[in-house]
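In case you want the letters, here they are:
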Amino acid sequence: QVQFVESGGGLVQPGGSLRLSCAASGFTFSDYTMGWYRQAPGNQRELVASISRSSSTNYADSVKGRFTISRDNAKNTVYLQMISLRPEDTAVYYCLARKPFTRNEFWGQGTQVTVSS
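As the structure is a prediction and not an experimental result, all values here were calculated from the model.

Colleague: Outline the overall build of the protein, supporting the account with residue identities and numerical values.
Modeller: Scanning the protein from N- to C-terminus turns up 0 helices and 11 strands. Taking 13 Å as the expected radius of gyration for a compact globule of 117 residues, we find that the protein reaches 14 Å, a close match to that expectation. Overall, the protein is about 40 × 25 × 25 Å in size when its C-alpha atoms are taken along their principal axes. Across the 117 residues that make up the protein, the buried fraction comes to 41%. Within the protein, residue pairs in contact and separated by at least 24 positions form 54% of the contacts whose partners lie at least 6 positions apart. Here the protein displays about 6,200 Å² of accessible surface, and carbon together with sulfur accounts for 45% of that area. Across the protein, the 12 positively charged side chains and the 8 negatively charged ones have centroids separated by 4 Å.

Colleague: Lay out the state of the cysteines in plain terms, naming residues and giving numbers.
Modeller: Per the stated rule, a full pass over the model turns up 1 disulfide. Residue C22 pairs covalently with C95 via a disulfide, S to S 2.3 Å. Handedness of the C22-C95 disulfide follows from its S-S torsion of about -85 degrees: it is left-handed. Here C22 is found in strand β3 (residues 18-25), whereas its partner C95 is found in strand β9 (residues 91-98), with 73 residues between them in sequence. On the basis of relative accessible area, C22 is assigned to the buried category, the value being 0%.

Colleague: Explain the nonpolar core residue by residue, including any values.
Modeller: Counting 30 residues, the largest nonpolar core has M34, W36, V78, L80, M82 and Y93 as its most contacted members. Secondary-structure elements contributing two or more residues to this core are β3, β4 (33-39), β5 (46-51), β7 (67-72), β8 (77-82), β9 and β11 (111-115). Sequence-distant contacts of V78, defined by excluding residues within four places in its chain, comprise L20, S21, C22, F29, M34, W36, I51, I69, S70, R71 and C95.

Rules and cut-offs
Residues numbered from 1 in each chain as written. Predicted model: local features only at pLDDT ≥ 70, side-chain atom pairs only at ≥ 80, totals over all residues. Heavy atoms only, no water. Helix = DSSP H or I, 4+ residues; strand = E, 2+ residues; numbered from the N terminus. Rg over C-alpha atoms; globule rule 2.2 N^0.38 Å. Buried < 20%, exposed > 50% of the residue type's maximum accessible area, 1.4 Å probe, protein only. Contact = heavy atoms within 4.5 Å. Areas by Shrake-Rupley, 256 points an atom, 1.4 Å probe, with all protein chains shown as cover. Lys, Arg positive; Asp, Glu negative; His and termini not counted. Charge placed at Lys NZ, Arg CZ, Asp CG, Glu CD. Disulfide = S-S within 2.5 Å. Core = buried A, V, L, I, M, F, W, Y, C linked by side-chain atoms within 4.5 Å.

Encoded structure:
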């Protein structure tokens with residue numbers, strides 16, 4: 001059974017930092033590309049960052065230079081370090097696991113990030 005435990009969300013002031021974690025179980029973590037998506041009220045879900053099996057990374061233009069995605073295959077965990085947070089980063093952040101060249105795809109339950117003074 002696939003499970004995700006997402007943590008690290010919360011309320012932070014503009015310019016602050018947060019680190020999101022997504023601990024996965026129930027599948028072979030190292031076989032999957034991992035990603036973080038976000039969805040703000042009234043908006044579509046969008047890609048924030050992804051990291052491949054070989055740890056190649058990809059970022060949305062809006063977060064380049066501020067967010068860093070990483071993975072620890074020994075802990076089956078993917079992280080998103082976020083600095084210089086802005087009010088427009090406010091959203092529910094979701095963890096995604098996708099196995100390349102297959103239809104295998106799993107979503108986390110989401111964690112709220114609110115950037116406000």
